[in-house]
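# Inside the fold
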Number of protein chains: 2
Amino acid sequence: MKLSEFELDVMQLLWQHEPCTAAQLHERLSQSKKVAYTTVKTIVDRLEQKGAVARAGQQGKSIIYRSCVDQSTLSDQATPGFMQRFFGGDSRSLIAHFIKQEELNEDDIAYLQSLLKDKKQAK
Amino acid sequence: MKLSEFELDVMQLLWQHEPCTAAQLHERLSQSKKVAYTTVKTIVDRLEQKGAVARAGQQGKSIIYRSCVDQSTLSDQATPGFMQRFFGGDSRSLIAHFIKQEELNEDDIAYLQSLLKDKKQAK
DNA sequence: ACCTATCTACTACATTTGTAGAAATGAAAA
DNA sequence: TTTTCATTTCTACAAATGTAGTAGATAGGT
């Protein structure tokens, strides 16, 4: 399933607060971006057509939506293309990039170290 | 600078074999995808308009192109959006995802471990 | 039962993207 | 020098994307 950036932004919000209505999604989105309610509703409609969300009931006249795909499914699909296009397919430099750029607390670091250790063991 | 997927595919090839002509890019691309020469040339033209590549000379009637932006600049720009949209902004789970999914040899693992160690030290 | 505010459904439109043909051009061959 | 063939330029077009207005329906208040 291929979703656009805006569609993913909406999915992100839905994953975090599902189930919810288009109005609620609009409200959350408005916190980071000026956008009309109908715009958000259009995106939700497209997500429904694509099968990424579905109706899960009503609340007054409002439709309650839930997601039909989960984040990890979509990120699994998107990951290889991203790695290829931005890091020439070199996973090591991609991971290195993120380790260097991102904020990580000691817990995070310990967790990632343990993952690497497992990875090494598994050889 | 915002580039499309296809544009990035071409940039990727250019970065790897620069400087080169549109015909050479077309030839490389053809190895992974059936596409007309003029299609590739159109993409190169658009990249030129966007300022991502520039003419670096001629070879007979062919124009030689070089890149004007580098991979790391573009990946720096693309990274936050990707992380937000596919991992809800959680860098730890993104890095974990890649460590788990990707092939890494012992060297890679050692290198990444040292990066994590540095990161910890820097605190 | 009626009004009204709100929500949905439908339509619209500019821009970007993927895709490629047609026409013009110019370097190289004959 | 004339022809030819690769290249460039220009044009085109459908689909996807971001963006939103309008009209129609309806739940809830009075």
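Each remark here, short or long, concerns the structure printed above.
Worth saying up front: this structure is predicted, and the values here are computed from it rather than measured. (Residues numbered from 1 in each chain as written. Chains lettered and ligands numbered in written order. Predicted model: local features only at pLDDT ≥ 70, side-chain atom pairs only at ≥ 80, totals over all residues. Heavy atoms only, no water.)

### What about the interface of chain B and chain A?
How big an interface is tends to be stated in terms of accessible area lost as the parts join. Test applied: Every residue pair with non-hydrogen atoms within 4.5 Å of one another is taken to be in contact. By definition, the buried area sums, over both parts, the 1.4 Å-probe accessible area that each loses when the two are put together. Here, a salt bridge means any Lys or Arg side-chain nitrogen found within 4 Å of an Asp or Glu carboxyl oxygen. What qualifies as a polar contact is a pair of N or O atoms within 3.5 Å, subject to a donor-acceptor requirement within protein and to the restriction that residues adjacent in sequence count only when both atoms come from side chains. Under the DSSP-based scheme used, a helix requires at least four consecutive residues in state H or I and a strand at least two consecutive residues in state E, with every element numbered from the N terminus. For this classification, the nonpolar set comprises Ala, Val, Leu, Ile, Met, Phe, Trp, Tyr, Cys and Pro, the charged set comprises Asp, Glu, Lys and Arg, and every other residue, Gly included, is treated as polar.
The interface of chain B with chain A comprises 47 residues on the first partner and 47 residues on the second. For the chain B and chain A pair, buried surface summed over both sides reaches about 5000 Å², with 64% attributable to carbon and sulfur atoms. On inspection of chain B and its partner chain A, the count reaches 8 salt bridges. Note that Arg92 of chain A is salt-bridged to Asp108 of chain B, the shortest N-O span being 3.1 Å. Counting across the chain B and chain A interface gives 22 residue pairs in polar contact (both at pLDDT 80 or more). Those elements that place two or more of their residues in the side of chain B that touches chain A are α1 (5-17), α4 (71-87), α5 (91-101) and α6 (106-121) of chain B. A per-class count over the side of chain B that touches chain A returns 19 nonpolar, 12 polar and 16 charged.

### Some points on the relation of the copies chain B and chain A
To keep things clear, this is the line we draw: Least squares is the method used to superpose the copies, on C-alpha atoms of residues holding a pLDDT of at least 70 in both.
Aligned on chain A, chain B shows an RMSD of 0.1 Å; the corresponding rotation is 180° and the shift along the axis is 0.0 Å. Within this description, the copies of the chain are treated as partners about a two-fold rotation axis. When the interface residues of chain B are mapped onto chain A, 100% of them are again interface residues, pointing to one common binding face.

### Brief notes about the protein's contact with DNA strand D
Keep this limit in mind: Any residue with at least one heavy atom within 4 Å of a molecule or strand is counted as near it.
Around DNA strand D lies a shell of 21 residues, among which Ser4, Lys33, Thr42 and Arg46 of chain A together with Tyr37 of chain B are the nearest. The sugar-phosphate share of atoms of DNA strand D within 4 Å of the protein amounts to 65%. Note that a base nitrogen of DNA strand D is positioned 2.9 Å from one of the side-chain N or O atoms of Arg46 of chain A. Between DNA strand D and the protein, one listed contact pairs a sugar or linking oxygen with a side-chain N or O atom of Ser62 of chain B at 3.3 Å. Residue assignment for the surface near DNA strand D shows that the elements contributing at least two residues are α1 (5-17) and α3 (37-49) of chain A together with α3 (37-49) and β3 (62-67) of chain B. Among the elements that make up the surface near DNA strand D, the one with the highest residue count is α3 of chain A (5 residues).

### A look at α4 of chain B
Put simply, the rule reads: Working definition for bend: take the seven residues up to and ending at a residue and the seven starting at it, fit an axis to each, and measure the angle between the axes.
Along its length, α4 of chain B shows its largest kink, about 35°, at Ala78 of chain B, and proline Pro80 of chain B lies within four residues downstream of that point. For α4 of chain B, the secondary structure elements touched by its buried residues are α1, α4 (71-87) and α5 (91-101) of chain A together with α1 and α5 of chain B. Positive backbone phi, approximately 55°, marks Gly88 of chain B, located one or two places after α4 of chain B.

### Some words on the nonpolar core
Short version of the rule: Here, nonpolar core refers to any group of buried Ala, Val, Leu, Ile, Met, Phe, Trp, Tyr and Cys residues whose side-chain atoms link them within 4.5 Å. Per-residue accessibility, obtained with a 1.4 Å probe over protein chains only, is compared with the maximum for each type, and a residue is labelled buried under 20%, exposed over 50%, and partly exposed between these values.
Met11 and Ile95 of chain A together with Ile95 of chain B are the most contacted members of the largest nonpolar core, which has 75 residues in total. The residues touching Ile95 of chain A, leaving out its near neighbours within four places in the chain, are Ile95, Phe98, Ile99, Leu104 and Leu112 of chain B.

### Looking at the packing of α4 of chain B against α5 of chain B
Residues and elements named next belong to chain B. The cut-off we apply is this: Throughout, an axis means a line fitted to C-alpha atoms (over the contacting stretch in the case of helices), and angles, computed between N-to-C directions, take values from 0 to 180 degrees. By the definition adopted for this analysis, an angle is roughly parallel if under 35 degrees, roughly antiparallel if over 145, roughly perpendicular if from 65 to 115, and oblique otherwise.
Viewed as axis vectors pointing N to C, α4 and α5 meet at an angle of 90°, and their least axial separation amounts to 10 Å. Relative to α5, the element α4 is oriented roughly perpendicular. Residues Phe82, Met83 and Phe87 of α4 pack against Ser91, Ser93, Leu94, His97 and Phe98 of α5. Residues that form the contact of α4 with α5 fall into these classes: 5 nonpolar, 3 polar and no charged.

### What to know about the sheet that holds strand β3 (residues 62-67) of chain A
Residues and elements named next belong to chain A. Inclusion rule: DSSP-based pairing: two strands are paired if at least 2 bridges between them are found.
A sheet is described by the order of its strands in space; here 3 strands give the open sequence β1-β3-β2, paired in antiparallel fashion. Two strands close off the open sheet at either side, each with one partner strand: β1 (20-21) and β2 (53-59). Bridging between β2 and β3 involves 6 bridges; their strand directions are antiparallel. Of the residues in β3, the one forming a bridge with Gly57 is Ile64.

Distances and angles like these do not, on their own, reveal function.
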